[in-house]
Amino acid sequence: MDDPREPDTAGIPEGTPAAPEPAGDRTHGTDGTFDLDGVAADIDAIEALLDGVDRALSRIDAATYGRCGTCGGPIEDAALAEDPTREHCGGCRPLVGAPPSAPGVG
Ligand SMILES: [Zn+2]
């Protein structure tokens, strides 16, 4: 254990993973090559999420959070609990091309 590059595993119980596996590790393909498409998709998803959060914060500032951006009606509490960045009520989501709500929500 004199090599500083070796992780210090002393005191870690046998069978304990050194680090949690990232969910859906797409940085490397099955052949070990770097999966740029997977990384680009992850970045796109993160940017879309951040855009949604920015818009939600703007709606909070404007006191319109929780109101449908199309009809102005209330967005269902369960829908907001599922996705706090939701911008449309269950009735308007299909009209704006958003994916349908999960069963029982929206
Ligand atoms: Zn609506």
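Before reading on, note that the structure itself is shown above.
Conventions we followed
- Residues numbered from 1 in each chain as written.
- Predicted model: local features only at pLDDT ≥ 70, side-chain atom pairs only at ≥ 80, totals over all residues.
- Helix = DSSP H or I, 4+ residues; strand = E, 2+ residues; numbered from the N terminus.
- Buried ≥ 20, exposed ≤ 12 C-beta atoms within 10 Å, placed from the backbone.
- Contact = placed C-beta atoms within 7 Å.
- Expected span 1.5 Å × (residues − 1).

Asker: Got a sec to walk through the overall build of the chain? Specific residues and values, please.
Answerer: When helices and strands are counted, the chain shows two helices and zero strands. Taken over 106 residues, the chain has a buried fraction of 8%. The long-range share in the chain, meaning contacts at least 24 apart out of those at least 6 apart in sequence, stands at 21%.

Asker: Could you give an account of unusual backbone geometry, naming the residues involved and the relevant values?
Answerer: Across the chain, the bulk of peptide bonds are trans and the bulk of non-glycine residues have phi less than zero. For Ala 63, which is not a glycine, the phi torsion comes out positive at approximately 60°. Within the secondary structure, Ala 63 is located in the loop between α1 (36-61) and α2 (77-82). The exposure class assigned to Ala 63 is exposed, which follows from the 8 C-beta atoms found within 10 Å.

Asker: Describe α1, naming the residues involved and giving the relevant values.
Answerer: The end-to-end C-alpha separation of α1 is 37 Å, in line with the 38 Å expected for 26 residues at 1.5 Å each. Ala 63 lies just past α1 and shows a positive phi near 60°.

Nothing here speaks to function; it is all geometry.
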